[in-house]
Amino acid sequence: MSPENVTDYDDVTMYGLTPQKQEQLLLAQNELTFIWTTTNGHGMGVTMRYIWRNGRIWCTATEQRARMKALARDPRCSVVISSAGVDDEVSQSITFKGQAILHKDQETKDWFYPDFARHANSPAPTPEAFVAFLDTPARIVIEVVPQKTITFDGGVMRDTTTEALS
């Protein structure tokens, strides 16, 4: 739809992120909302730190967390990433519907923990200290494989609105 045909915001599908902007946001942000389904079908979500590597979302939690038990039962999940805290000028977001793969193997933990510690804004004084706190027997690495993507670019919406009103 071209700007001259825009008269309202009922259809916002034209305001998606380009692949380049999507990649920029995924690498710049380090926090997401992770959503899973409870046994009674209710959606639940928590805020988590993440890294984006090789077209996948990677994060971690310990096995006693409710989301880990839920993902072991049903790997379907969603994540929502916004530009909040990254870009105060333009609202952007990415939502992935996907499947979670739970990794307990040392090979995955060996590359994930140091990479995560460097990029996830850790509370520990050094990345090495953060890795030491993470590396416990109960910890699981979550790999989210995106299956569907919904994006939004408030800058495109703003520019299209401005053009439509000109």
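Model, not experiment: these values are computed from the prediction.

**Student:** Would you mind going over unusual backbone geometry with me for this structure?
**Tutor:** Backbone geometry follows two general trends: most residues other than glycine have a negative phi, and most peptide bonds adopt the trans configuration. Even without glycine at this site, Asn 54 takes up a positive phi of about 55 degrees. Locating Asn 54 in the fold gives a position in the loop between strand 3 (51–53) and strand 4 (56–62). Note on Asn 54: relative accessible area 78%, which makes it exposed.

**Student:** I'm lost on helix 2 (residues 66–73) in this one. Help?
**Tutor:** Within the sequence span of helix 2, burial applies to Arg 67, Met 68, Ala 70 and Leu 71. Along the axis of helix 2, the buried positions cluster into a sector of 160 degrees, meaning they face one direction only. Turned more than 90 degrees away from the buried face of helix 2 sit Ala 66, Lys 69 and Ala 72, all of them exposed. On its buried face, helix 2 is in contact with strand 1 (31–37), strand 2 (43–49), strand 4, strand 5 (76–82), strand 6 (92–103) and strand 7 (139–153).

**Student:** Even after reading the chapter, I still don't get the sheet that holds strand 4, so can you show me in this structure?
**Tutor:** Sheet strands line up and pair through hydrogen bonds in the backbone, either parallel or antiparallel. Strands sit in the order 2-1-5-6-7-4-3 across an open sheet of seven strands; the sheet is antiparallel. This sheet does not close on itself; its edge strands, each paired only once, are strand 2 and strand 3. Put simply, the sheet's adjacent strands are angled 35 degrees from each other on average, direction ignored. Summarising the sheet, strand 3 and strand 4 pair through three bridges and their orientation is antiparallel. Bridge pairing in strand 4 places Ile 51 opposite Trp 58. Lying on the sheet, helix 1 (residues 19–28) is in contact with strand 3, strand 4, strand 5, strand 6 and strand 7; it crosses strand 6 at an angle near 60 degrees.

**Student:** What should I look at first to understand the pattern of salt bridges in this one?
**Tutor:** Two side chains that carry opposite charge are able to pair once their charged atoms sit near each other. By the definition in use, this model includes five salt bridges. Between Arg 53 and Asp 115 there is a salt bridge; the shortest N-O distance is 2.8 Å. One end of the pair, Arg 53, is in strand 3; the other, Asp 115, is in helix 3 (residues 106–119), and 62 residues separate them in sequence. Each member of the pair, Arg 53 as well as Asp 115, carries the same accessibility label: buried. In this structure, the salt-bridge partner of Arg 56 is Glu 143, at a minimum N-O distance of 2.4 Å. Within this pair, whereas Arg 56 is found in strand 4, its partner Glu 143 is found in strand 7, the two being separated by 87 residues in sequence. Here the salt bridges do not stand alone but share partners, grouping Arg 53, Asp 115 and Arg 118 into one network.

**Student:** Please clarify how the pairing of strand 6 should be interpreted in this entry.
**Tutor:** Taken residue by residue, a regular strand's side chains alternate between the two faces of the sheet. Both strand 5 and strand 6 contribute to a ladder of seven bridges, which runs antiparallel. The partner of Cys 77 across the bridge, within strand 6, is Gly 98. When strand 6 meets strand 7, the two strands line up antiparallel, connected through twelve bridges. Opposite Ser 93, over in strand 7, you have Phe 152 as the bridge partner.

Scoring rules and cut-offs
- Residues numbered from 1 in each chain as written.
- Predicted model: local features only at pLDDT ≥ 70, side-chain atom pairs only at ≥ 80, totals over all residues.
- Heavy atoms only, no water.
- Helix = DSSP H or I, 4+ residues; strand = E, 2+ residues; numbered from the N terminus.
- Buried < 20%, exposed > 50% of the residue type's maximum accessible area, 1.4 Å probe, protein only.
- Arc of directions from axis to C-beta.
- Contact = heavy atoms within 4.5 Å.
- Pairing = 2+ DSSP bridges.
- Axes fitted to C-alpha atoms, helices over the stretch in contact; angles between N-to-C directions.
- Salt bridge = Lys/Arg side-chain N within 4 Å of Asp/Glu carboxyl O.

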